[in-house]
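A structural walkthrough
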Amino acid sequence: MKLELASFYVKDIQFCEKTEFRDGILKVNKQELIELLLCDNRLKDVELDIARPGEETRIIPVKDVIEPRIKASGNSVFPGFLEKPLTVGEGRTHVMKGMAIVTCGRIVGFQEGIIDMTGPGADYTPFSKLLNLVIVANPAEGVSSYEHEETIRIAGLKAADYIAKSVQDLLPDDIKTYETKPIFESISKYPNLPKVAYVYPLQSQGLLHDTYVYGLDAKKIVPTFIYPTEIMDGAIVSGNCVSACDKNTTYVHQNNPVIEELYERHGKDINFLGVIITNENVTLADKQRSSDYAVKLAEYMTLDGAIVTEEGFGNPDADLIMLCRKLEEKGIKTVLITDEYAGRDGASQSLADADPRADAVVTAGNANELIVLPPMKKIIGLVDAAGIIAGGSQKSLKKDGSIEIELQAITGATSEIGFTKMSAATY
Amino acid sequence: MGKFRVVHYINQFFGQIGGEEKADIPPQDKEGPIGPGMAFKMALGDEAEIVGTVICGDSYYNEKKDVAKNEVLERIKKYNPDLVIAGPAFNAGRYGMACGSVCKAVIEELSIPAVTAMYPENPGVEVFKKNAYILETAASAAGMRSAVPNMAKFALKLLKGEKIGTPKEEGYIPRGIRKNIFVEETGAKRAVNMLVKKLNGEPFETEYPMPVFDRVEPAPAVEDISKATIALVTSGGIVPKGNPDHIEASSASKFGRYDLENIEYLTPEDFETAHGGYDPTYANEDPNRVLPVDALRDLEKQKAIGKLHRYYYATVGNGTAVADAKKYAENIAKELIADGVQAVILTST
């Protein structure tokens, strides 16, 4: 399966009469987009705003971050949501780089995040480096929290699709091609390279902790194969409110850095065969079934090595360690990416589970570490959320507008798919 | 600006009072440096001086615990120091425990920095490494020559409020404290690099060494329980009234062995719990709830078991370090095996 990603580099976003993309400037007809989103009568109100890197702006509470993409053919990405759930990942996809759609608005669960566009907080979130078109949307009366989550999730996808249409017929700045051959072809092409796959657990604890595959709730899947390029075309959509720091937003699914790095080494040091998706359900039986199934597929692919990532902490630590143990028992060399909850002082044990076979671990840092976010001139969203979101407390929001909070509350700060440059060391 | 004021804590041996026969001397203090303090005086140079030395016997400190700690603190306070240096203790266990405890108390109660140094296997390391910086030394006092300049250099850094680097850079024993750092490459790139190394059999360094979970396989079932001698062991802190061995309410440093001869069941008049980690009301009301002597006596009468072992063992499992718990268990098991016990009922809380 072969996919061309055709990039358009966005240098600024402005509100104008007509939505169009020209000379690197994205112009957005605010009213048109708001009306499009308000077609969903579960929404009461929608506002749009722009947050640029370096501005004294805080976005809170952040639900999802999405990169605008569209098929050159005119089809939408996100199969199962905006399109029929038919196979994606081939052909050409137009991508708007340097920007994102950020969904925000009244809190759904407890685990939504903060994006600061400048100051110390900005160093921790990868999304401070993007031009963000922020959708502040609130639900109509009587909409349950599950519907609320779904409504905002779909509003974000629709907005990304609407914006991406502006580059559908244009010539891109550059094109990069990604290709994964069927397993047997790939193995015969590089018979001497170690066979590697990416084992990709999707958050599926339920109760606002869900992820979707071609529109299907990942709780209900058994682990399965997927081409990496399908994921680039929006086959995986985030629908969860896990702690903001280690939530895999739709943006990071679309731009999964593990996939990028494995492609980078493919044909040189490794033979990257593809991706096995699995889930992170709560019960032990589910964990046993899914980890056994995923490892069986790994063995089926005759893997020599695997990278396993994570989303969330505590309960999913058990999935992570179980996968690692079973892969290593099959002789498949495994590297894990996780983050840590070592307490505010960093003195406690970091994970809820451990196994000596997990001897190769990359950490994205201790999410309990405290940070003081200075006051910002502009708030997009609702600053009161600082007192409720995971990582915060009633004392978080200070009178001067600064927020003392754990890194846990910063969107993407301790990405367990390795999106950031943070780590932790023992002192 | 004057020199920084430093107090030095040492034991009876380094305090030139005597060896083991003087290990029970209570704390005393003298102005200026004594023993290894002379070397510190040299190493600290013009920037800091040892204004006083507090000496305490190792046995006294370890047996009197809080009393000794408070007496030592009072003597330290007198000199109005900016920092305390304790030891180095090398591989002397009780001295290491005392140095660690003094540093912890100084940091927490006097709110000034403290530093000590010992051999990595000194029990004081496991207990106090999270509370204070412990520099690494050789096992014996032969390592004094290198220990002193390291400690002095580190002490000056603490006094000046300079940034403390990694264990490797500074020479202290890793405290197990995780701190975030920014690195050059993304997590994904680091992971793929690590995987390529692992696949090629090249050395790689994990970023999170797994803590060791000691998983114990259950022993096979006792063949004939009706003939077996069964012992009771608890981490629930049930002790004879008055806690004769002074087992601590938290972070127990010992276990006790107590006689059950002619005892049909435990009464609140004769037994109680020493445990500080749970609501003791129900255990004190009926100690059999934690240590089921009553039920075992019934089983004895019914000949469902051979007999209840004459002695039971108790400690307090509350904030107790895994390493200590393991040590107690090994000792208890040895005695039980020697006494011909076939099975144990282990109760926790």
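Please refer to the structure placed before this passage.
Now for a quick tour of the structure. If you're wondering where the values come from, they're calculated on a predicted model, not measured in any experiment.

So, the overall build of chain A
Per the secondary structure count, chain A includes nine helices and 25 strands. In terms of overall dimensions, chain A is globule-like: its C-alpha atoms have a radius of gyration of 21 Å, near the 22 Å expected for 427 residues. Dimensions of chain A, computed from the C-alpha atoms along their principal axes, are close to 55 × 55 × 40 Å. When burial is assessed residue by residue, chain A has 57% of its 427 residues classed as buried. Excluding contacts between residues fewer than 6 apart, the proportion of contacts in chain A whose partners are at least 24 apart in sequence is 80%.

A short note on the overall build of chain B
A count of helical and extended segments in chain B gives 11 helices and 14 strands. With the principal axes as the frame, chain B shows a C-alpha extent of 80 × 60 × 35 Å. A buried classification covers 38% of the 349 residues belonging to chain B. Pairs at least 24 residues apart make up 73% of the contacts formed inside chain B by residues separated by at least 6 positions.

A look at the interface of chain A and chain B
On the chain B side, the residues contacting the 48 residues of chain A number 35 residues. Among the secondary structure elements, those contributing two or more residues to the side of chain A that touches chain B are helix H7 (257–265), strand S19 (305–308), strand S20 (333–340), strand S21 (361–366) and strand S25 (422–426) of chain A. For the side of chain A that touches chain B, the class distribution of residues is 24 nonpolar, 12 polar and 12 charged. Taken together, the five bridges between S25(A) and strand S7 (residues 178–182) of chain B define a ladder with antiparallel strand orientation. In the sheet register, A:Ser423 faces S7(B), and the bridge partner there is B:Ile181.

A few points about the packing of helix H8 (residues 284–300) of chain A against helix H9 (residues 315–329) of chain A
Residues and elements named next belong to chain A. Remark: H8 packs on H9, axes separated minimally by 9 Å, with the N-to-C direction vectors making an angle of 40°. When the axes of H8 and H9 are compared, the pair comes out oblique. Here H8 and H9 pass one another in a crossing that is right-handed. Across from Lys287, Ser291, Asp292, Ala294, Val295 and Ala298 in H8, the residues of H9 making contact are Ala318, Asp319, Met322, Leu323, Lys326 and Leu327. Classifying every residue of the contact of H8 with H9 gives seven nonpolar, one polar and four charged.

A closer look at the nonpolar core
Formed by 133 residues in total, the largest nonpolar core has its most connected members in A:Ala197, A:Val199, A:Ala298, A:Ala306, A:Ile307, A:Leu336 and B:Ala191. If near-sequence neighbours (up to four positions away) are discounted, B:Ala191 is found in contact with A:Val258, A:Ile307, A:Val335, A:Ile337, A:Val362 and A:Gly418. In this structure, B:Val6, B:Tyr9, B:Phe40 and B:Ala132 belong to the second largest nonpolar core, which totals 52 residues.

A look at the sheet that holds strand S3 (residues 48–56) of chain B
Residues and elements named next belong to chain B. Taken in spatial order, the six strands make up an open sheet running S2-S3-S1-S4-S5-S6, and their pairing is mixed. The sheet is open, and its two edges are formed by strand S2 (28–31) and strand S6 (133–136), each paired on a single side. Here the strands of the sheet are splayed against their neighbours by 25° on average, with no regard to which way each runs. Looking at chain direction, strand S1 (residues 4–11) and S3 are connected through eight bridges and run parallel. Considered in S3, the bridge of His8 is made with Thr53. Sitting on the sheet, helix H3 (residues 66–78) is in contact with S1, S2, S3 and strand S4 (83–90), with an inclination near 150° to S3. Sitting on the sheet, helix H4 (residues 93–110) is in contact with S1, S3, S4, strand S5 (114–118) and S6, with an inclination near 165° to S4.

Let's talk about unusual backbone geometry
In this structure, the amide linkage connecting A:Ile60 to the following residue, A:Pro61, adopts the cis form with an omega of -10°. Looking at where A:Pro61 falls in the secondary structure, it is placed in strand S6 (residues 57–66). Omega for the peptide link from B:Gly87 to B:Pro88 comes to 10°, which places this bond in the cis form. Tracing the backbone through its elements, the reader meets B:Pro88 in strand S4. Of note, the phi angle at A:Phe78 is positive, near 60°, even though the residue is not glycine. Within the element layout of this structure, A:Phe78 appears in the loop between strand S7 (69–71) and strand S8 (91–97). For B:Asn80, which is not glycine, the phi dihedral falls at a positive 50°.

Topic: the environment of A:Leu26
Residue and element names in this part refer to chain A. Counting through the fold element by element, Leu26 comes out in strand S4 (residues 25–28). Distance from Leu26 to Ser166, taken between C-alpha atoms, is 8.3 Å for residues 140 residues apart in sequence. Discounting chain neighbours no more than four positions away, the residues touching Leu26 are Val10, Ile13, Phe21, Met99, Ile163 and Ser166.

Focus: the pairing of strand S13 (residues 195–203) of chain A
Put simply, side chains in a regular strand alternate between the two faces of the sheet. All names here are of chain A. Counting buried residues in S13 gives nine out of nine residues, a clear majority hidden from the surface. A two-sided burial pattern is seen for S13, the buried positions comprising Lys195, Ala197, Val199, Pro201 and Gln203 on one face and Val196, Tyr198, Tyr200 and Leu202 on the other. As paired elements, S13 and strand S18 (residues 271–280) share nine bridges and run parallel to each other. Among the inter-strand pairings, Leu202 is bridged to a residue of S18, identified as Asn279. In terms of strand pairing, S13 meets S19 through four bridges, oriented parallel. Following the sheet pairing, Tyr198 is matched in S19 by Ile307.

Digging into the environment of B:Phe154
Residue and element names in this part refer to chain B. Relative to the assigned elements, Phe154 resides in helix H6 (residues 144–159). With 21 C-beta atoms packed within 10 Å, Phe154 lands in the buried category. Separated by 10 residues in the primary sequence, Phe154 and Ile164 have C-alpha atoms spaced 8.6 Å apart. With residues up to four places along the chain from it excluded, the contact list for Phe154 reads Val115, Tyr133, Leu135 and Glu170.

Quick look at helix H3 (residues 145–164) of chain A
Between its first and last C-alpha atoms H3(A) spans 29 Å; for 20 residues at 1.5 Å apiece the expected length is 28 Å, and the two agree. A large share of H3(A) lies buried, amounting to 16 of its 20 residues.

Describing the packing of helix H1 (residues 36–44) of chain B against H6(B)
Residues and elements named next belong to chain B. Close contact between H1 and H6 brings their axes to 9 Å; oriented N to C, the two are set at 50°. By the angle between their directions, the pair H1 and H6 is classed as oblique. The way H1 lies across H6 gives a crossing that is right-handed. Packed against H1, whose contacting residues are Pro36, Ala39, Phe40, Ala43 and Leu44, the element H6 presents Met144, Val148, Pro149, Ala152 and Leu156 at the interface. For the contact of H1 with H6, a count of residues per class yields 10 nonpolar, no polar and no charged.

Concerning the sheet that holds strand S3 (residues 20–22) of chain A
Residue and element names in this part refer to chain A. The strand order across the open sheet formed by three strands is S2-S4-S3, and the pairing between neighbours is mixed. Pairing within the sheet leaves two strands with one partner each, and these edge strands are strand S2 (12–15) and S3. Adjacent strand axes in the sheet meet at a mean angle of 20° when their direction is disregarded. Pairing of S3 with S4 involves three bridges; the strand directions are antiparallel. Paired with Phe21 across the strands is Leu26, a residue of S4.

About the criteria used
- Residues numbered from 1 in each chain as written.
- Chains lettered and ligands numbered in written order.
- Predicted model: local features only at pLDDT ≥ 70, side-chain atom pairs only at ≥ 80, totals over all residues.
- Helix = DSSP H or I, 4+ residues; strand = E, 2+ residues; numbered from the N terminus.
- Rg over C-alpha atoms; globule rule 2.2 N^0.38 Å.
- Buried ≥ 20, exposed ≤ 12 C-beta atoms within 10 Å, placed from the backbone.
- Contact = placed C-beta atoms within 7 Å.
- Nonpolar A, V, L, I, M, F, W, Y, C, P; charged D, E, K, R; others polar.
- Pairing = 2+ DSSP bridges.
- Axes fitted to C-alpha atoms, helices over the stretch in contact; angles between N-to-C directions.
- Parallel < 35°, antiparallel > 145°, perpendicular 65-115°, else oblique.
- Left-handed = near helix turned anticlockwise from the far one by under 90°.
- Core = buried A, V, L, I, M, F, W, Y, C linked by C-beta atoms within 7 Å.
- Expected span 1.5 Å × (residues − 1).

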